[in-house]
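Architecture and fold: a report
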Amino acid sequence: MNVKVEESDIFTYEGECIVLGCFETDRKHLAVLDKKFDGRISSLFKRKEFTGELFQLWLLNTLRKIPAENILLVGLGKKEEFDAEKLRKASGHAAKFLREAGVKVFATVLHHSEVTGASVRFLAQTVTEGAVLANYKFVEYKTVDRDKIRFVDSVVLLASKNKKDVESGVNEAVVVSKAQCWVRDLVNSPPSILTPENLVAAAHLLPKSVKVTVFDKKRIKELGMGGILAVNAGSSLDPKFIVAEYKNSSDAPIALVGKGVTFDSGGLSLKPAQYMEDMKMDMAGAGVVLGVLKAIAELKLPVHVIGFAPLTENMPSGLSYKPGDIVTTFSKKTIEVLNTDAEGRVILADALAFAETKNPQAIIDLATLTGACIVALGTAAAGLTGNNHSLMDKVARAGDAVFERCWHLPLFDEYKEMVKSDVADLRNLGRPDKEAGALTAAAFLSAFVEKTPWAHIDIAGPAWSQEDKFYWSKGGTGFGVRLLVELLKSWKKNL
Ligand code: BES
Ligand code: MN
Ligand code: ZN
């Protein structure tokens, strides 16, 4: 989908349909239009057919009183309660409605809707994000009735003033949202297609300013990454380790680490069928890291970022790693494996310690790490822990700004005690195993970051959507792309 900015307004735009926001009260901006329409808008309100209730839609034929044929009124609810996320949702809601109606091109003035404290640029960005993300559908494997699959081709933001600001917001949103849709494609691809090798192939599609290095199994062995090798042992497919660097600043790098389990069966501690269904999504962290690199390289952000992605399947076989095994990781610390389904932390142990050898100023990891984090927070927020509160606050603030929320969870010493092993340095399962699962996992990871400010984002919940609504579609969400781009944009300012 492409997004354009046109220097016109609802009275001059020559196209099929214009999306227009409308609050429950304060409808002053509709007065002129209402008059042109011989009071048809105010009578809608009088009859309470359209009330402006949040996300209510009403399609109005213009009877050619203006050049456009239709106006889609979108309810924005109560003005005092309106915010950027409601705007993003309203934009997505309208886009999905028009898409299913077969509309290919529409204009919108939703970015004129007031959000307290927000600039025109930010509003244009938010409206664009909503529309681009809403238009996403994973249809690659649909063969029947392909001609009935509908997409919007282009959206036009009408800007009679502030055109430059609107354009700037639109351009950034298009880059970031398309990167986010690319991550969705990676996450939604079947696990026998999106193998470690093919995820590497995807990394090679990144912009040229991202230098991609890939370690194969031999190199992973030489480096002593015993965690990755252990998890990989049961798989017929070789592991890979991606190092992707974007350097557009002389500062020490910011390390982004993403869990890349291309399919998590649980291994010998096999998952029940029902829990395995969606486990192609267990590489979402790695996908997001690649998506962020794509976006920041296209935006040419003045930052130095290195992405690290350990990639493997977690499979049962006669060669699988076993409960009771002890593995030596890259840092030389040893792990007693008690549950082969707690594999994310085992590969991240290698990746975090390896990332630290690049002397980064900070390490941020994203991982679909624990079901326990979904129990705690659901899909509404990611769990946020780490060893440095100022870094964690920065992450949380960036998340709030773009509505990819992260919620602080504690990393008490008690949790660190719970992952100490009797026979090795650490155990990959908490003790007792049912308590504080998201936090014992985080406590385990913390042992592999020695000296660097570190934040851990458990995205198990928000990485996946069960809903096909607003700007989401069922499956991968790409959660984390907007958040990290926002964080990197404001990195220096907030230091
Ligand atoms: N990939 C899963 C976590 C997960 C679950 C992500 C559901 C998304 C949705 C992870 O590898 C896992 O299996 N974790 C176990 C850990 C347990 C064995 C200590 C879990 O959360 O049950
Ligand atoms: Mn697992
Ligand atoms: Zn997993």
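This is a predicted model, so every value here is computed, not measured.

1. Overview of the coordination of the zinc ion (ligand 3)
Protein coordination at the zinc ion (ligand 3): the donors are Lys259 (NZ), Asp264 (OD), Asp282 (OD) and Glu343 (OE), at 2.0 to 2.4 Å from the metal. Ordering the donors of the zinc ion (ligand 3) by residue number gives the pattern K-x4-D-x17-D-x60-E. Between the two metal centres, the zinc ion (ligand 3) and the manganese ion (ligand 2), the spacing is 3.1 Å, with Asp264 acting as a shared donor. Of this pair, Lys259 sits in the loop between β9 (254–258) and β10 (260–264) while Glu343 is found in the loop between β13 (334–336) and α11 (344–356), placing the two residues 84 residues apart along the sequence. As far as the burial class goes, Lys259 and Glu343 line up, both buried.

2. Here we look at the sheet that holds strand β12 (residues 326–328)
Strand order in this open sheet of three strands is β12-β13-β17, and the pairing throughout is mixed. The sheet terminates laterally at β12 and β17 (426–427), the two strands that pair on one side only. As paired strands, β13 and β17 are joined by two bridges and run parallel to one another. Paired with Glu336 across the two strands is Arg427, which belongs to β17.

3. Here we look at the domain arrangement of the protein chain
How big an interface is tends to be stated in terms of accessible area lost as the parts join. Structurally, the protein chain comprises domain 1 (2–161) and domain 2 (184–489). In this structure, domain 1 and domain 2 have C-alpha centres spaced 38 Å apart. Across the contact, 16 residues belong to domain 1 and 17 residues belong to domain 2. Summed over both sides, the interface between domain 1 and domain 2 buries roughly 1,500 Å², with carbon and sulfur atoms accounting for 61% of that surface. Ranking the residues of domain 1 by area buried against domain 2 places Leu133, Tyr136 and Phe138 at the top, with a combined share of 34%. Taken together, the links from domain 1 to domain 2 amount to two salt bridges. When the shortest N-O distance is used, the salt bridge between Lys96 and Asp468 registers 3.5 Å. Linking domain 1 with domain 2 are six residue pairs in polar contact (both at pLDDT 80 or more), by the criterion used here. Put simply, the parts of the chain that give the side of domain 1 that touches domain 2 at least two residues each are α3 (84–100) and α4 (120–134). Residues belonging to the side of domain 1 that touches domain 2 are distributed by class as follows: seven nonpolar, four polar and five charged.

4. Here's the deal with the coordination of the manganese ion (ligand 2)
Coordination of the manganese ion (ligand 2) by the protein comes from Asp264 (OD), Asp341 (O), Asp341 (OD) and Glu343 (OE), over a distance range of 2.1 to 2.2 Å. What the six donor atoms of the manganese ion (ligand 2) show is an angle range of 70 to 168° at the metal, which sorts the shape as irregular. Between the donor residues of the manganese ion (ligand 2), the gaps in sequence give the motif D-x76-D-x1-E.

5. A short note on the environment of Lys46
Note that Lys46 resides in helix α2 (residues 40–46). As for Lys46 and Leu488, which are separated by 442 residues in sequence, their C-alpha atoms are 48 Å apart.

6. A closer look at the side chain of Asn70
Within the fold, Asn70 resides in strand β4 (residues 70–77). Here Asn70 falls in the buried class, since its relative accessible area comes to 15%.

7. Details of the pattern of salt bridges
Under the definition given, this model contains 30 salt bridges. Of the charged contacts, one joins Lys148 and Asp145 as a salt bridge, the two residues approaching to 3.6 Å between their closest N and O atoms. Residue Lys148 is classed as exposed on the basis of its relative accessible area of 58%. Relative accessible area serves as the criterion here: at 41%, Asp145 is assigned to the partly exposed category. Among the charged side chains, a salt-bridge network with shared partners connects Glu85, Arg88, Glu129, Glu404 and Arg482.

8. Brief notes about the packing of helix α5 (residues 163–188) against helix α10 (residues 284–299)
When two helices pack together, you describe them by how their axes are tilted relative to each other and by the distance separating the axes. It is at 9 Å that the axes of α5 and α10 come closest, and there the two elements cross at 155°. The orientation of α5 relative to α10 falls into the category roughly antiparallel. Here α5 runs over α10; the crossing is right-handed. Packed against α5, whose contacting residues are Glu172, Val175, Val176, Ala179, Trp182, Val183, Leu186 and Val187, the element α10 presents Ala284, Gly287, Val288, Leu290, Gly291, Lys294, Ala295, Glu298 and Leu299 at the interface.

9. What about the site of ligand 1?
Inspection of the region around ligand 1 gives 17 residues, with Lys271, Asp282, Asp341, Glu343 and Gly371 positioned closest. The backbone of Gly371 places a nitrogen or oxygen atom 2.6 Å from an oxygen atom of ligand 1. Notes on ligand 1: free accessible area 520 Å², of which the protein chains cover 79%. Partitioning the shell around ligand 1 into residue classes produces six nonpolar, four polar and seven charged.

10. Re the nonpolar core
Leu199, Leu293, Ile296, Ile364, Val395 and Ile457 are the most contacted members of the largest nonpolar core, which has 61 residues in total. At 10 residues, the largest contribution of residues to this core is made by α10. The next biggest cluster of nonpolar side chains, apart from the first, holds 50 residues, and it includes Leu223, Ile228, Ile306 and Val419.

Rules used in this analysis
- Throughout this document, residue positions are counted from 1 along each chain, in the order its sequence is written.
- Naming scheme: in the order in which they are written, chains are lettered from A and ligands are numbered from 1.
- Since the coordinates come from a predicted model, pLDDT governs what is reported: local features require at least 70, and pairs of side-chain atoms require 80 or more to be given and counted, while whole-chain, interface and lining totals use all residues.
- Hydrogens are left out, water is left out, and the side-chain values use all remaining heavy atoms of the structure.
- A 2.8 Å cut-off from the metal defines N, O and S donors, relaxed to 3.2 Å for Na, K and Ca; water is not in the atom list, so some sites may appear incomplete.
- For helices the rule is a DSSP run of H or I covering at least 4 residues; for strands it is a run of E covering at least 2, with both sets numbered from the N terminus onward.
- Using a 1.4 Å probe on the protein chains alone, a residue whose accessible area is under 20% of its type maximum counts as buried, one over 50% counts as exposed, and one in between counts as partly exposed.
- Whether two strands pair depends on DSSP finding at least two bridges between them.
- Each domain's limits were defined by an automated method or a database of domain assignments.
- Two residues form a contact once any of their heavy atoms are found within 4.5 Å.
- Once two parts are brought into contact, the accessible area they lose, counted with a 1.4 Å probe and summed over both, makes up the buried area.
- Each reported salt bridge corresponds to a side-chain nitrogen of Lys or Arg within 4 Å of a carboxyl oxygen of Asp or Glu.
- Two N or O atoms count as a polar contact when they lie within 3.5 Å, although within protein this holds only if one can serve as hydrogen donor and the other as acceptor, and sequence-adjacent residues are included solely when both atoms are side-chain atoms.
- Residue polarity is assigned by list, with Asp, Glu, Lys and Arg as charged and Ala, Val, Leu, Ile, Met, Phe, Trp, Tyr, Cys and Pro as nonpolar; anything else, Gly included, falls into the polar class.
- Four donors are marked tetrahedral only if all angles between them lie between 85 and 135 degrees, whereas four are marked square planar and six octahedral if opposite donors are more than 155 degrees apart and the other angles lie between 65 and 115; the remainder are marked irregular.
- The angle between two axes is taken between their N-to-C directions and runs from 0 to 180 degrees, where each axis is a line fitted to C-alpha atoms and a helix contributes only its stretch in contact.
- An angle below 35 degrees is treated as roughly parallel, one above 145 as roughly antiparallel, one from 65 to 115 as roughly perpendicular, and anything else as oblique.
- Crossing handedness follows the turn of the near helix against the far one: under a right angle anticlockwise gives a left-handed crossing, and clockwise gives a right-handed one.
- By convention in these notes, a residue is near a molecule or strand provided one of its non-hydrogen atoms lies within 4 Å of it.
- Throughout, the Shrake-Rupley method with a 1.4 Å probe supplies accessible areas, and for residues the shown protein chains are the sole cover considered.
- Among buried residues, those of type Ala, Val, Leu, Ile, Met, Phe, Trp, Tyr and Cys that are joined through side-chain atoms within 4.5 Å constitute a nonpolar core.

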